[in-house]
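Inside the fold
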Amino acid sequence: MPEPPHRRRAHARSSDLERYAGLFAQRTQVMRSSAMRDLMAITARPDVISLAGGLPDTSTFPPKAFAAQMTRIAQESAAEALQYGPTEGFRETVDCIIEVMGAEGMLPDPDDVIVTTGGQQAIDLICKALVDPGDAVICEAPTYPGAIPVFCSYQADTIQIECDGAGMRIDELEATLERLDEEGRRPKFVYSVPTFQNPAGVTMSLERRQRLVELARSRELLVVEDNPYGLLRFGGDALPPLYQLDGGDFVIYVGTLSKILSPGIRLGWAVAPPPVMEKVVLGKQAADLCTSTLTQYFVREYFGEGSWRQYIESLIGIYRSRRDAMVEALERYFPAQATWTEPDGGLFIWATLPPYIDTSDLLAKALRENVAFVPGQAAYVDGRGRNSMRLNFSSGSEDEIREGIRRIGKTIAGQVELYSALTGQELEVPASPERQKSVETENVLPFRKTGEGGA
Ligand SMILES: Cc1ncc(COP(=O)(O)O)c(C=O)c1O
């Protein structure tokens, strides 16, 4: 019996690759896959505890409310909700976005806002508007792993500035800007996730925020502030977003409803000064004409009910407990030489292991224990981050988090024991009680201690 045609195609795929090689655009040579996307096929298996994704817990959204909202749309606006919409998004969606930004003290002009297909598309469109091959783009080290494939696909020269417990090192940024000046290069923008950063969980201090905005204004340097997590604060005082400090002249803002409502609806946005916005709109027209109209109708319904802030409060309660569960498990199961961040919000903890452990190798071993995390290298363009990992605490239950960390700890212990046997050094596995106390009191960070190195 002949094979079905799709199966024949699948067999031919790898051997046929050369046939297409001459057709690929140059940019495909530097395109990179997102580590999280690669892991998704494995982590979707029910027996795997995934601490790898950046998934919010959508099971907390009440299905009855969802059904009622979608039913109202079907009954009252079916034809409009199933139609194309304006490229910039509906004004009613923009009003919801302005409400969300208002909750963090920002008041953008509605004409400066474009609704996008997730924050990810906003990053892509900003690059499309600004970046030519070889242009310098500056970001944090580590940076949002999903931004790296975007910078790569526009063939940017991505320069990473080290982070510590107070966010991006602005002194290092200034030195880099001076070096670029000497080379006659003007960076297209500085990309930052200043609040509860993905992947490190750190928050940029007020002093550094002010200095960054001063630099942007004095140098006419664009800053892209990506802020999916600002409203997911479990502790500490809120800091003003860069956009608020700048007023929107040099800070382009990227937001999303993915982490405070749903990533499945794919609704994000960008706020940019009119000349930049004009190009971003052109880029979006070419990319997808408009963001899903159905999604925008859902968002309008949802915000119309007026309880969106209560939903975020409920998420905060859940995520705070999960962060606590993860920190406790790390103290219990990770080796004495490990350090990690203890974020006041967001979805991620960044752990750094002894330098002899490569977390990409470790992941292969951890997957055998049915647990996954994102290896630190995914957050760097240059191979740094080898002994670090990103751990997500939002998507699993507290029990799953504890079990996931226990399994990773067990895998690490195997590596530590091996190293110990090879080098003859005696190493503690897991952490000693004294060491646990020092983690609690000194707030040890994986990079440098808080505040070190000034702004
Ligand atoms: C910093 C950051 N920016 C952008 C995104 C993309 O989010 P979305 O496209 O779902 O809005 C994410 C998702 O994890 C993120 O962490």
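The structure under discussion appears in the preceding block.
All of the points below concern the structure found in this document.

Calculation criteria
- Residues numbered from 1 in each chain as written.
- Predicted model: local features only at pLDDT ≥ 70, side-chain atom pairs only at ≥ 80, totals over all residues.
- Helix = DSSP H or I, 4+ residues; strand = E, 2+ residues; numbered from the N terminus.
- Buried ≥ 20, exposed ≤ 12 C-beta atoms within 10 Å, placed from the backbone.
- Near = placed C-beta within 6 Å.
- Nonpolar A, V, L, I, M, F, W, Y, C, P; charged D, E, K, R; others polar.
- Pairing = 2+ DSSP bridges.
- Right-handed = clockwise from strand over helix to strand, strands pointing away.
- Contact = placed C-beta atoms within 7 Å.
- Axes fitted to C-alpha atoms, helices over the stretch in contact; angles between N-to-C directions.
- Expected span 1.5 Å × (residues − 1).
- Arc of directions from axis to C-beta.
- Core = buried A, V, L, I, M, F, W, Y, C linked by C-beta atoms within 7 Å.
- Parallel < 35°, antiparallel > 145°, perpendicular 65-115°, else oblique.
- Left-handed = near helix turned anticlockwise from the far one by under 90°.

In this section: the overall build of the protein chain. Within the protein chain, the regular secondary structure consists of 15 helices and 14 strands. Taking all 455 residues of the protein chain together, 46% fall into the buried category.

Close to the ligand lie 14 residues; Gly118, Gly119, Gln120, Thr256 and Ser258 are nearest. Tallying contributions element by element places helix H5 (residues 118-130) first for the shell around the ligand, with three residues. Its residues placed into classes, the shell around the ligand shows four nonpolar, nine polar and one charged.

Burial along strand S7 (residues 223-226) is two-sided: the face carrying Val223 and Glu225 and the face carrying Val224 and Asp226 are both buried. Pairing of strand S6 (residues 189-192) with S7 involves three bridges; the strand directions are parallel. Directly across from Tyr191, in S7, lies its bridge partner Val224. For the crossover from S6 across helix H8 (residues 206-219) to S7, the handedness is right-handed. One ladder, built from four bridges, connects S7 with strand S8 (residues 251-256); its direction is parallel. Residue Val223 lies in a different strand from S8, and its bridge partner there is Val251.

Taking strand neighbours across the sheet as the criterion, the eight strands line up as S2-S9-S8-S7-S6-S3-S4-S5 in an open arrangement whose pairing is mixed. What marks the edges here is a single partner per strand, and that holds for strand S2 (113-117) and strand S5 (167-168). Pairing between strand S3 (residues 136-141) and strand S4 (residues 157-164): six bridges, direction parallel. When the sheet's bridge partners are listed, Cys139 is paired in S4 with Gln160. Of the strands in this sheet, S3, S4, S5 and S6 touch helix H7 (residues 170-182), which is tilted by about 155 degrees from S4. Across the sheet, helix H10 (residues 274-288) lies against S2, S8 and strand S9 (267-271), angled at about 30 degrees from S2, the strand it touches most.

Between its terminal C-alpha atoms helix H4 (residues 91-102) stretches 16 Å, which fits the 16 Å expected from twelve residues at 1.5 Å a residue. Regarding H4, the residues found buried are Thr93, Val94, Cys96, Ile97, Val100 and Met101. Relative to the axis of H4, the buried residues are bounded by an arc of 155 degrees and lie together on one face. Opposite the buried face of H4, by more than 90 degrees, sit the exposed residues Arg91 and Gly102. In the core, the buried residues of H4 are packed alongside S2, S8, S9 and helix H11 (293-304).

Next up on the list: the sheet that holds strand S10 (residues 339-340). Pairing is antiparallel in the open sheet, where four strands are placed in the order S10-S11-S14-S13. Lying at the two open borders of the sheet, with one neighbouring strand each, are S10 and strand S13 (374-375). Where S10 and strand S11 (residues 348-352) come together, two bridges link them in antiparallel fashion. Paired with Trp340 across the two strands is Ala351, which belongs to S11.

Here S11 lies mainly inside the structure; five of its five residues are buried. What you see with S11 is no split at all: Phe348, Trp350 and Thr352 on one side and Ile349 and Ala351 on the other are buried throughout. As paired strands, S11 and strand S14 (residues 388-392) are joined by five bridges and run antiparallel to one another. Residue pairing in the sheet places Trp350 in a bridge with Arg390 of S14.

The subject of this paragraph is the nonpolar core. Ile126, Val223, Ala270, Ala351 and Phe373 are the most contacted members of the largest nonpolar core, which totals 116 residues. No other element matches the eight residues that helix H12 (residues 308-333) contributes to this core. Apart from the residues lying within four places of it in its own chain, the contact partners of Val223 are Phe189, Val190, Ser192, Leu212, Ala216, Leu242, Phe250 and Val251.

Okay, the packing of helix H13 (residues 359-368) against helix H14 (residues 398-423) next. Contact pair H13 / H14: the axes reach a minimum separation of 9 Å and the direction vectors enclose 125 degrees. Here H14 runs oblique to H13, going by the angle between their axes. Viewed along their axes, H13 and H14 form a crossing whose handedness is right-handed. Contacts from Leu362, Lys365 and Ala366 of H13 reach H14 at Arg407, Ile408, Thr411, Ile412 and Gln415.

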